[in-house]
Amino acid sequence: MIPVSRGDKIKGVALSFLAALLLTAVFLFSSLAQRTLAGPPFLFWWFILPLPALLLLHPPVGTWKILWRRHWRFFLAYHLIEGAGNILFFYLVRVIQPSILSFIYSLTPLLGAICAYVYLGERLSRMEKLGGA
């Protein structure tokens, strides 16, 4: 096990708290934006605005082509699931309060751990179980 300094632990807690705040802000801002822009214009801007980040995070040339050829079934399934999830998310933002949706969405890591246990046979350490609880 890699030793973790006290400063790194505090930094990890602070960044986790920031991530939770930003995730909550996504729900609130998407609800507010859907009141201003409805339907296709909202979805256009929602997905276009993050594109500049891709310029900073883009992989080396040719990497995507190789990955796509080897794992095209995975990418196809991933994009279908992601698309269905996005459609459902924006539908739910209109139907229920963002605070409730944010709480339900915060259960994602727990559901991920359950799926990893059931489908992949992964076992959690005592500390990971405590964190999930």
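Residues numbered from 1 in each chain as written. Predicted model: local features only at pLDDT ≥ 70, side-chain atom pairs only at ≥ 80, totals over all residues. Heavy atoms only, no water.

Caption draft 1: Spatial organisation of a nonpolar patch on the surface. Taken together, the side chains of I100, F103, I104, L107, L110, L111, I114, Y117, V118, Y119 and L120 define a hydrophobic patch exposed on the protein surface, amounting to about 1,200 Å² of accessible area. Those elements giving two or more residues to the nonpolar patch turn out to be α6 (98-105) and α7 (108-120). For F103, the location among the structural elements is in helix α6. (Patch = residues over 30% accessible without salt bridge, like charges linked within 9 Å, V, L, I, M, F, W, Y side chains within 5 Å. Areas by Shrake-Rupley, 256 points an atom, 1.4 Å probe, with all protein chains shown as cover. Salt bridge = Lys/Arg side-chain N within 4 Å of Asp/Glu carboxyl O. Helix = DSSP H or I, 4+ residues; strand = E, 2+ residues; numbered from the N terminus.)

Caption draft 2: Molecular detail of the environment of S106. Among the structural elements, S106 can be located in the loop between α6 and α7. What makes S106 partly exposed here is its relative accessible area of 39%. The sequence separation of S106 and S16 amounts to 90 residues, and the corresponding C-alpha distance is 12 Å. (Buried < 20%, exposed > 50% of the residue type's maximum accessible area, 1.4 Å probe, protein only.)

Caption draft 3: Representation of the packing of aromatic side chains in the model. Going through the model one piece at a time under the given rule, you end up with three aromatic pairs. Residues F74 and Y78 carry aromatic rings whose centres are separated by 6.0 Å and whose planes lie at 25 degrees to one another, so their mutual orientation is stacked. Pair noted here: F74 and Y78 are both in helix α5 (residues 72-95), with a separation of four residues, about one helical turn. Look at F74 and you get exposed, because its relative accessible area is 52%. (Phe/Tyr/Trp six-rings, centres within 6.5 Å; stacked < 30°, edge-to-face > 60°.)

Caption draft 4: Broad picture of the layout of surface pockets. The calculated volume of the largest pocket comes to roughly 1,200 Å³. Every residue lining the largest pocket is counted, 33 residues in all, and those nearest its centre are E82, G85, N86, F89 and Y105. Contributions of two or more residues to the lining of the largest pocket are made by α1 (6-36), α2 (40-48), α3 (51-57), α5, α6 and α7. The biggest single contributor to the lining of the largest pocket is α5, with 13 residues. (1 Å grid on protein atoms, 1.4 Å probe; cavity = no way out; pocket = protein on both sides within 12 Å on 5 of 7 lines; lining within 4 Å. Points joined across faces, edges and corners; volume = space filled by probe spheres on them.)

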